[in-house]
Amino acid sequence: MKILPSALRKHAYQIEGDLITIQVAAGLVTIQLAAEQVRHIALLALPYLPMTITFTHLSEPETQQFLQTFDLYYRKGGG
């Protein structure tokens, strides 16, 4: 969640509990968060946050651009 403002800096968004609503072009992206989980690999414990992302009224290029930018921030831990 700390990275979210940077990942969405080009878009207006609202957070209401476990639901994040993002205005992208003429459409919306909604992210529904689930409870934080922990993945254990040997002695390493990695927290992760499952989520469901829904796209409404976005073209395929707009969807791909959003996902590419969003994924880049989270893979690199902040860009």
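It should be noted that the structure appears before, not after, this text.
Residues numbered from 1 in each chain as written. Predicted model: local features only at pLDDT ≥ 70, side-chain atom pairs only at ≥ 80, totals over all residues. Heavy atoms only, no water.

Visitor: Any details on the nonpolar core? Residues and values, ideally.
Guide: The biggest cluster of nonpolar side chains holds 14 residues, and the ones touching the most others in it are Ile22, Val29, Ile31, Phe66 and Phe70. Looking at this core, the elements that each hand over two or more residues are helix H1 (4-7), strand S2 (19-24), strand S3 (27-33) and helix H2 (60-75). Apart from the residues within four sequence positions on either side, isoleucine 22 is in contact with Leu8, His11, Ala12, Tyr13, Gly27, Leu28, Val29, Ile31 and Phe66. (Core = buried A, V, L, I, M, F, W, Y, C linked by side-chain atoms within 4.5 Å. Buried < 20%, exposed > 50% of the residue type's maximum accessible area, 1.4 Å probe, protein only. Helix = DSSP H or I, 4+ residues; strand = E, 2+ residues; numbered from the N terminus. Contact = heavy atoms within 4.5 Å.)

Visitor: Go over the sheet that holds S3 with me, naming the residues and quoting the values.
Guide: With antiparallel pairing, four strands are arranged side by side in an open sheet as S1-S2-S3-S6. Two strands close off the open sheet at either side, each with one partner strand: strand S1 (13-16) and strand S6 (51-56). On average, adjacent strands in this sheet sit at an angle of 15 degrees to one another, irrespective of strand direction. Of the strand pairs in this sheet, S2 and S3 are connected by six bridges, and their pairing is antiparallel. Bridging from a neighbouring strand, threonine 21 pairs with threonine 30 of S3. Relative to S6, H2 is tilted by about 150 degrees, and along the sheet it contacts S2, S3 and S6. (Pairing = 2+ DSSP bridges. Axes fitted to C-alpha atoms, helices over the stretch in contact; angles between N-to-C directions.)

Visitor: Which residues make up the pairing of S1, and what values go with them?
Guide: Sheet topology note: the S1/S2 ladder contains four bridges and is antiparallel. In the strand pairing of S2, glutamate 16 is matched with leucine 19. Here S1 folds back onto S2 in antiparallel fashion, the turn holding two residues, of which glycine 17 has a positive phi close to 65 degrees.

Visitor: Residues and numbers for the environment of valine 24, please.
Guide: Tracing the chain through its elements places valine 24 in strand S2. Separated by 28 residues in the primary sequence, valine 24 and threonine 52 place their C-alpha atoms 17 Å from one another. With sequence-adjacent residues up to four places away left out, valine 24 is seen in contact with His11, Val29, Leu58 and Phe66.

Visitor: Any details on the environment of threonine 21? Residues and values, ideally.
Guide: One can find threonine 21 in strand S2. Between the C-alpha atoms of threonine 21 and serine 6, which are 15 residues apart in sequence, the distance is 15 Å. The residues contacting threonine 21, other than those within four sequence positions of it, are Ala12, Tyr13, Gln14, Leu28, Val29 and Thr30.

Visitor: I'd like to hear about the pairing of strand S5 (residues 44-48), residue by residue, with values.
Guide: When strand S4 (residues 37-41) meets S5, the two strands line up antiparallel, connected through five bridges. Counterpart to glutamine 37 in the pairing with S5 is tyrosine 48.

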